[in-house]
Amino acid sequence: MSLICAALMTLAAMQVTKSLSVSDLDLSTIKQGWGKAVKDRSVTDTPLSIGGRPFSKGVGTHAKSVFKIRLDGRAVRFHAWCGVDDNARSERASVVLRVLGDGNVLWQSPRMTWKQAAVQVDVPLKNVKILTLEGGDGGDGIDYDHVDWADATITYSGKVPLAFVPPLERPIILTPPAPPTPRINGPSVYGARPGHPFLYQVPATGRRPMRFSAKGLPKGLSINPENGQISGRIEKPGTYPVKISASNRLGLATRTLRIVAGGEIALTPQMGWNSWYVWLGHVSDKIMRASADAMVSTGLVNHGWQYVDIDDCWARVPGSKDPVNGGPTRDASGNLLPNAKFPDMKALTDYIHSKGLKAGIYTSPGPTTCAGFEGAFRHEEQDAKTFADWGFDLLKYDWCSYKAEAPGVEGLKKPYALMGSLLKQQDRDIVLNLCQYGMGEVWKWGKEVGGQSWRTADDLGNGYNLFRDSFALYDRQHLESYSGPGAFNDPDYLLLGQVAGPNGTTQPTQFTPNEQYTQVSMWCLLAAPLILSGDITHLDPFTLSLLTNDEVLAIDQDSLVKAARKVSQVGETQVWARPLEDGGTAVGLFNLGDDEATVNAMWADVGLKGRHKVRDLWRQKDVGTYSERFSAKVPRHGVVLVKLTSAASSGRARRRPTG
Ligand code: GAL
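What counts, and at which threshold
- One numbering rule holds for all chains: residues counted from 1, following each sequence as written.
- Given that this is a predicted model, residues contribute local features only at a pLDDT of at least 70 and side-chain atom pairs are listed and counted only at 80 or more, while totals for whole chains, interfaces and linings are drawn from all residues.
- Values reported for side chains reflect all heavy atoms of the structure, with hydrogen atoms and water molecules removed beforehand.
- The disulfide definition used here is simple: a pair of cysteine sulfur atoms within 2.5 Å.
- Starting at the N terminus, helices and strands are each numbered in turn, a helix being any DSSP run of H or I of at least four residues and a strand any DSSP run of E of at least two.
- Exposure is judged per residue with a 1.4 Å probe applied to protein chains only, and the accessible area is read against the type maximum: over 50% gives exposed, under 20% gives buried, and values in between give partly exposed.
- Any carboxyl oxygen of Asp or Glu within 4 Å of a side-chain nitrogen of Lys or Arg constitutes a salt bridge here.
- To be near a molecule or strand, a residue needs just one of its heavy atoms within 4 Å of it.
- In protein, a polar contact means a hydrogen-donor-capable atom and an acceptor-capable atom, both N or O and within 3.5 Å, with residues adjacent in sequence counting only if both atoms are side-chain atoms; elsewhere, any N or O pair within 3.5 Å suffices.
- Methods summary: accessible areas were calculated by the Shrake-Rupley approach with a probe of 1.4 Å, and residue burial reflects only the protein chains presented.
- For this classification, the nonpolar set comprises Ala, Val, Leu, Ile, Met, Phe, Trp, Tyr, Cys and Pro, the charged set comprises Asp, Glu, Lys and Arg, and every other residue, Gly included, is treated as polar.

## What about the state of the cysteines?
Next, step 1: In this structure the tally under the stated criterion is 1 disulfide.
Next, step 2: Across a sulfur-sulfur distance of 2.0 Å, Cys-370 and Cys-400 are joined as a disulfide pair. Measuring the twist about the S-S bond at about 95°, one finds the Cys-370-Cys-400 disulfide to be right-handed. Linking Cys-370 in the loop between strand S26 (358-363) and helix H5 (380-390) with Cys-400 in the loop between strand S27 (394-397) and helix H6 (408-424), this pair joins segments that are 30 residues apart in sequence.
Next, step 3: Looking at Cys-370, the relative accessible area reads 39%, which means it is partly exposed.
Next, step 4: With no disulfide of its own, Cys-435 lies 6.6 Å from the sulfur of Cys-370, the closest cysteine sulfur.

## Focus on the pattern of salt bridges
Next, step 1: Under the criterion given, the structure shown has 38 salt bridges.
Next, step 2: Here Glu-169 and Arg-636 are joined by a salt bridge, their closest N and O atoms 3.9 Å apart. Taken as a pair, Glu-169 in the loop between strand S14 (162-163) and strand S15 (183-184) and Arg-636 in the loop between strand S40 (629-634) and strand S41 (639-646) lie far apart in primary sequence, 467 residues in all.
Next, step 3: On the basis of relative accessible area, Glu-169 is assigned to the buried category, the value being 17%.
Next, step 4: The exposure class assigned to Arg-636 is buried, which follows from its relative accessible area of 9%.
Next, step 5: Here Lys-355 and Asp-293 are joined by a salt bridge, their closest N and O atoms 3.1 Å apart. Note that Lys-355 is positioned in the loop between helix H4 (345-354) and S26 and Asp-293 in helix H3 (residues 285-297), a separation of 62 residues in sequence.
Next, step 6: What you see here is one network of salt bridges that share partners, running through Asp-24, Lys-39, Asp-40 and Lys-57.

## Details of the site of the ligand
Next, step 1: Around the ligand sit Trp-276, Asp-311, Asp-312, Tyr-362, Cys-370, Ala-371, Lys-396, Asp-398, Cys-435, Tyr-437, Arg-455 and Asp-459, and that is every residue in its neighbourhood.
Next, step 2: Between Tyr-437 and the ligand, the recorded distance is 2.9 Å, taken from a side-chain N or O atom to an oxygen atom.
Next, step 3: A distance of 2.6 Å is found between an oxygen atom of the ligand and a side-chain nitrogen or oxygen belonging to Asp-459.
Next, step 4: Calculation on the ligand without its partners gives an accessible area of 310 Å², and the protein chains cover 95% of this total.
Next, step 5: For the shell around the ligand, the per-class residue count stands at 6 nonpolar, no polar and 6 charged.

In structure tokens, the structure reads:
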């Protein structure tokens with residue numbers, strides 16, 4: 001026996017290290033932004049050459065490219081020379097290449113441009129299961145970004161590495177349909193300023209017709225019994241517990257909504273739709289009205305979705321003669337003028353409000369917005385008043401073209417503090433969403449300058465990575481400690497369903513079905529604003545199911561507003577958890593890796609003891625009672641989202657409400 005063992009060990013030690021030319025792998029597995037990857041030649045089928053240096057072997061690709069190779073821990077090193085292929089022939093060619101091992105960045109190139117000499121990458125791959133070669137854009141779009149991985153080799157032992165395309169999972173609907181009996185959804189707390197126009201649509205699912213009533217409404221408010229819209233103006237500040245009822249032929253539902261009439265608005269994160277990622281510059285009054293209609297006809301409004309927000313491109317372009325976007329940007333008195341696609345802003349918000357919904361608008365503190373339209377610079381006071389007069393309920397305030405007037409954080413705060421105080425002076429509740437991509441650690445001062453939410457990073461749609469960047473940022477900066485009622489970190493919009501394609505067309509989201517579950521689950525755990533930015537007028541059943549799971553949405557809208565933090569990480573699996581108002585705990589078991597994995601949520605990590613009931617929130621099913629831990633198999637890039645409730649208290653130990 002010992003002889004056999006010894007022989008085996010010698011054999012293992014002798015296992016020969018071999019070298020594989022990466023260009024001998026199946027290159028059809030490479031996903032890229034233009035053309036097809038070419039073996040031993042550039043993406044345009046010319047001899048490989050970087051900075052004048054020719055190479056006989058390698059892979060010619062085009063940004064953004066992703067090449068996945070399964071190593072299963074048997075590889076030793078990856079080596080290559082890389083850069084922009086000489087045949088790119090453009091100053092606009094700029095790339096950043098990365099080598100990742102199991103999702104971790106092992107190497108990253110500097111920003112590389114045309115004619116620049118090849119850079120060498122040489123990284124150890126010990127224990128790496130999946131190697132990813134990424135050819136990314138250098139920040140100016142992917143045009144001419146011809147990426148070469150020249151002389152790329154993997155040294156390994158045992159079975160040959162294999163290029164693969166991660167299997168695309170099927171979009172499986174987990175959300176059960178809402179019952180026909182009435183159910184009141186949405187947050188349990190709502191903030192409004194006394195004396196301002198008040199509008200709250202009671203979100204309720206169940207068969208129509210439905211009748212609504214409300215007991216204990218503050219003076220000045222009334223409820224429309226037919227559609228459940230509460231409106232009016234609250235006369236006096238105070239906290240008003242209101243007992244809301246919704247009934248239909250099949251039953252009755254009641255629920256208490258605490259209306260807090262004080263200085264704070266947006267006590268729970270805003271939920272709605274924004275035009276940007278689907279319509280870009282094509283947005284119009286017609287699209288906004290159709291989107292408001294869709295908010296109602298899809299039933300989203302019954303689950304708490306409220307805001308219908310116009311993003312950039314509704315104003316006019318300074319100096320432009322274009323018949324649609326051109327003409328004077330302001331009237332003789334300096335009042336903003338919308339472009340030809342928005343004939344009457346007040347009529348538009350009236351229309352949106354008539355459906356129980358709220359309306360949002362966008363501008364920038366600079367002279368022009370990011371897309372080059374008139375901004376608020378030097379007209380802030382007038383523009384804030386215009387937005388209020390037009391009837392808007394939310395302003396997204398970008399940063400583009402603004403030049404800070406003071407160094408550091410003071411300069412970053414200034415335009416937002418100005419707009420924050422101007423909005424507070426209006427005769428309306430207007431939510432302020434800061435959009436300056438996280439500069440100067442905006443989460444530390446976004447609330448102080450009058451914001452209710454602030455974008456924490458770059459645009460998710462431009463390749464800011466859902467997993468690598470978002471999860472890492474929220475963990476590293478402990479962003480949970482900066483969120484609370486009326487103060488939300490905003491990781492950008494929900495990229496679900498159909499998003500913008502070329503020339504005003506739409507195309508499916510870049511996220512796989514599992515990644516879509518991950519996005520919604522993570523956003524809810526983070527207490528992030530939930531703003532869909534896919535085409536709301538064409539929602540497929542899967543996308544709709546992601547947006548209408550009331551138990552999942554209840555996590556986002558929980559009135560305790562304690563955002564989740566990462567409580568553990570093992571390899572590429574992470575567990576995030578947040579406490580809830582009713583004493584329960586929401587826990588997300590995430591798998592950021594490319595293979596299915598078992599994820600363990602340990603009570604000790606979450607800060608719990610004893611026996612807890614576990615409810616799967618996407619399936620809306622109890623899965624059992626557990627002690628010490630809950631483990632689940634989680635598919636690649638997927639999530640299992642659960643709620644833990646103490647088996648001893650059955651969750652009756654309510655936490656003290658805030659707000
Ligand atoms: C970006 C912003 C996007 C969108 C765009 C409009 O700065 O991050 O969400 O608003 O401007 O041009």
